[in-house]
Structure formats: C-alpha cells, structure tokens
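# Close look at the chain arrangement
For reference, the chains in residue letters:
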Amino acid sequence: MLFRSTDVFLSTATNISTNNFYVYDRFGQGLNVEWARRGSAIQSSTDNNYDAQYAIDGNLSTFSSTTKEEKPWWEVTLPKDVMIDKIICNNINDPGRTQLQNFTVKLLDRDRVMVDRKDFITAKNSRAEKEYLWSNINQIGRTVRIELNSRDNLNIATVRVYGQGVNYSILLNEEMSK
C-alpha cells in the first residue's frame, strides 16, 4: 500500500472533528514507501529547540536548525536497509533565516560507509531552491546525511526518502535463519 493521507470524521454527542492521519504499509514492502518519517533523526547541534525530528515530521511549517558552526550536519537513520529511489529536501519558508543551499547529501550503508553522494551547489548570488531532488539513486542505504559545505546554520523543512525495504532472503534467493 502506498503512503497516503486521508480524512476521518469522528462524531460525539457535542461535536464533530476531523483528524488527518497516514495509512502505510506496515511491513515496508510496498514500492515507493516514504521512509524518513519512520526513522530517527539527529544533527550536529540544535538551535532554539528546532530539533532534528522536525525535518521528518512531514510538516513544511516546522523545521530543524543547527547553531552556526563549521559544516553542520543532519541525518536520518532508517529503520531498515532500503533500496532508495529518491530523496527530496525542502527549504524552509522563512526568508529571515539561512536557506538550504550549497550542501551535500550522502547515502551511508548500515556500517556507515558512504555508498553514494550528491552535491547541490547554488551559483553565487542565486536564490536557494524551494525543493531539491535526487532521483534514480537505486542504492541500498540505511542513513541519509546532509552536510552544509560552509560555516552557517543548517535549516531543513523536510527530508523525504522514497524506496523499497530490502528483503535479503529474496535477494539471496533463499530463506534466512531466524
């Protein structure tokens, strides 16, 4: 089942409310599942309680932020190995804060060995993009790491990681021991 949003209406004797929740493939075997929200995020430092988890909460109004430092980083560790198809990073919607630009996205395996990377370089005097896309990755990874290539705050609205959970018994064409 693909990850999607739906509305549910609950009624009581006095009021009716709408709750928005997500339906997803519990076992992560669906194609193009969004994995970052299932993972855990950390960052090199935290500015004003803008925690790393805000970048994977799915809300473009919240964001993570590090303090101003040399090459700050943010990363999400996925709950399992994933054959990653694409990674999308959204910029914050606050022109008064440092925008996400001139950074590197690294894909690490379960042993934290880098398996691939992509540099996003913004031309001098150019505006930052609202969204950065790295597609057709087709690599197995466990951790996605974003590193700013300069000294500044690292501010990220959302990071989404799409792919399919790896089932090694299928890859090996035999059952794995329990």
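Let us look at the structure shown here. (Residues numbered from 1 in each chain as written. Predicted model: local features only at pLDDT ≥ 70, side-chain atom pairs only at ≥ 80, totals over all residues. Heavy atoms only, no water.)

## Section: the overall build of the protein chain
To be explicit about the condition: Strands are runs of DSSP state E lasting at least two residues, helices are runs of H or I lasting at least four, and both sets are numbered from the N terminus onward. Burial classes: relative accessible area under 20% of the type maximum marks a residue as buried, over 50% as exposed, and values in between as partly exposed (1.4 Å probe, protein chains only). We call two residues in contact whenever any of their non-hydrogen atoms come within 4.5 Å of each other. For the area figures, the Shrake-Rupley method with a 1.4 Å probe applies, and any residue is considered shielded solely by the protein chains shown.
For the protein chain, the count of helices and strands is one helix and 14 strands. By the burial criterion, 38% of the 178 residues in the protein chain qualify as buried. In the protein chain, once contacts between residues fewer than 6 apart in sequence are set aside, the share between residues at least 24 apart is 68%. Element-wise, carbon and sulfur atoms account for 47% of the exposed surface of the protein chain, whose accessible area totals about 10,700 Å².

## Notes on the packing of aromatic side chains
Describing an aromatic ring pair means giving the distance of the ring centres and the angle of the ring planes. Which entries qualify depends on this criterion: Only the six-membered ring of Trp is used, alongside the rings of Phe and Tyr, when aromatic pairs are assigned; centres must lie within 6.5 Å, and planes under 30 degrees apart are stacked while those over 60 apart are edge-to-face, with the rest tilted.
Using the criterion set out here, one finds four aromatic pairs in the structure. With a centroid separation of 5.0 Å and 15° between ring planes, the pair formed by Phe103 and Phe120 is classed as stacked. Here the residue Phe103 occupies a position in strand β8 (residues 103–108), and Phe120 occupies one in strand β9 (residues 114–120), the gap between them amounting to 17 residues. Note on accessibility: Phe103 and Phe120 belong to one class, buried. Ring geometry for Phe120 versus Tyr132: centroids 5.4 Å apart, planes at 70°, classification edge-to-face.

## Focus: the layout of surface pockets
Condition: Only protein atoms enter the calculation, which uses a 1 Å grid: trapped sets of points that fit a 1.4 Å probe without letting it out are cavities, open sets showing protein on both sides within 12 Å along at least five of seven lines are pockets, and any residue with an atom within 4 Å of a point is a lining residue. Grid points are joined across faces, edges and corners, and a volume is the space filled by probe spheres set on the points. Note on residue categories: nonpolar means Ala, Val, Leu, Ile, Met, Phe, Trp, Tyr, Cys or Pro, charged means Asp, Glu, Lys or Arg, and polar means any other residue, Gly included.
By volume, the largest pocket amounts to about 390 Å³. Considering only residue class, the lining of the largest pocket consists of four nonpolar, six polar and four charged.

## Focus on unusual backbone geometry
Of note, Lys71 is a non-glycine position whose phi angle comes to about 45°, a positive value. The backbone of Arg112 shows a phi angle near 65°, a positive value even though the residue is not glycine. Counting through the fold element by element, Arg112 comes out in the loop between β8 and β9.

## As for the pairing of β9
The following threshold applies: Strand pairing requires that DSSP identify at least two bridges connecting the strands.
Bridging between β8 and β9 involves six bridges; their strand directions are antiparallel. Directly across from Phe103, in β9, lies its bridge partner Phe120. Connecting β8 to the next strand, β9, in antiparallel fashion are five residues, including Arg112 with a positive phi near 65°.

## Some points on the nonpolar core
So the rule is basically this: Buried residues of nine kinds, namely Ala, Val, Leu, Ile, Met, Phe, Trp, Tyr and Cys, make up a nonpolar core once their side-chain atoms join them within 4.5 Å.
In this structure, Trp74, Ile84, Ile87, Cys89, Phe103, Val105 and Ile146 are the most contacted members of the largest nonpolar core, which totals 29 residues. Of all the secondary structure elements, the ones that give two or more residues to this core are β7 (73–90), β8, β10 (131–134), β11 (139–148) and β14 (158–165). Per-element tally for this core: the top contributor is β7, with seven residues.

## Concerning the side chain of Glu147
Stated precisely, the cut-off is as follows: Side-chain atoms alone can form a polar contact between residues adjacent in sequence; in general such a contact is a pair of N or O atoms within 3.5 Å, and within protein one must be able to donate a hydrogen while the other accepts it.
By the element assignment, Glu147 lies in strand β11. Of the polar contacts made by the side chain of Glu147, one reaches the side chain of Arg145; its length is 2.6 Å. Here Glu147 is in contact with Pro72, Trp73, Phe103, Thr104 and Lys106, once residues within four sequence places are set aside.

## Focus: the environment of Leu78
Looking at where Leu78 falls in the secondary structure, it is placed in strand β7. Among the residues examined, Leu78 registers a relative accessible area of 2% and is labelled buried. Along the sequence, Leu78 and Val161 sit 83 residues apart, while their C-alpha atoms lie 9.0 Å from each other. Setting aside residues up to four positions removed in sequence, Leu78 forms contacts with Trp35, Ala36, Gly39, Ile84, Gly141, Arg142 and Val161.

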